[in-house]
Amino acid sequence: MVGARLVVTMNDDRQLLPGGWVAVRDGFVSALGGSVDPVPPADAVLDAADGLVTPGFVNTHHHLYQNLTRAFAPPRSGRRRTSGCASTRLAAR
């Protein structure tokens, strides 16, 4: 991956590599470099198109399940939905 505006590493030093590149071998990051470092030979090259690259960062916070309900409209029962805490709902009965 070449052409990144910035490569932000997840190593202990949290290096910032302007104009950086990332080499991947067998699904793992094998090398990193900045704009002054020589890019190793590669079978395929992905242009990072002036983007931010964060190799090694795994975002475990996601809302993937929401994709299943995004366009789902709940059935209408004719009653208005109430809001508020449980004690407010119980007091209204």
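The rules behind the values
Residues numbered from 1 in each chain as written. Predicted model: local features only at pLDDT ≥ 70, side-chain atom pairs only at ≥ 80, totals over all residues. Heavy atoms only, no water. Pairing = 2+ DSSP bridges. Helix = DSSP H or I, 4+ residues; strand = E, 2+ residues; numbered from the N terminus. Patch = residues over 30% accessible without salt bridge, like charges linked within 9 Å, V, L, I, M, F, W, Y side chains within 5 Å. Areas by Shrake-Rupley, 256 points an atom, 1.4 Å probe, with all protein chains shown as cover. Salt bridge = Lys/Arg side-chain N within 4 Å of Asp/Glu carboxyl O. pLDDT = per-residue confidence, 0-100. Contact = heavy atoms within 4.5 Å.

The next point concerns the pairing of strand S4 (residues 28-33). Note: strand S3 (residues 21-25) against S4, five bridges, orientation antiparallel. Among the inter-strand pairings, tryptophan 21 is bridged to a residue of S4, identified as glycine 33. Between the antiparallel neighbours S3 and S4 lie two residues, among them aspartate 26 with a positive phi of about 55°.

Residues Val24, Val29 and Leu32 make up a contiguous nonpolar surface patch of about 240 Å² in total accessible area. Here leucine 32 is to be found in strand S4.

Although it is not a glycine, arginine 14 adopts a positive phi angle of roughly 50°. Its location among the elements puts arginine 14 in the loop between strand S1 (6-8) and strand S2 (16-18). Even without glycine at this site, alanine 49 takes up a positive phi of about 45°. Of note, alanine 49 is situated in the loop between S4 and strand S5 (52-53).

The subject of this paragraph is the confidence of the model for the protein. Taken as a whole, the protein shows an average pLDDT of 79; of its residues, 68% reach a score of 70 or greater. Contacts for the low-pLDDT stretch residues 85-92, under 50 throughout, to residues beyond four places or in other chains number three contacts.

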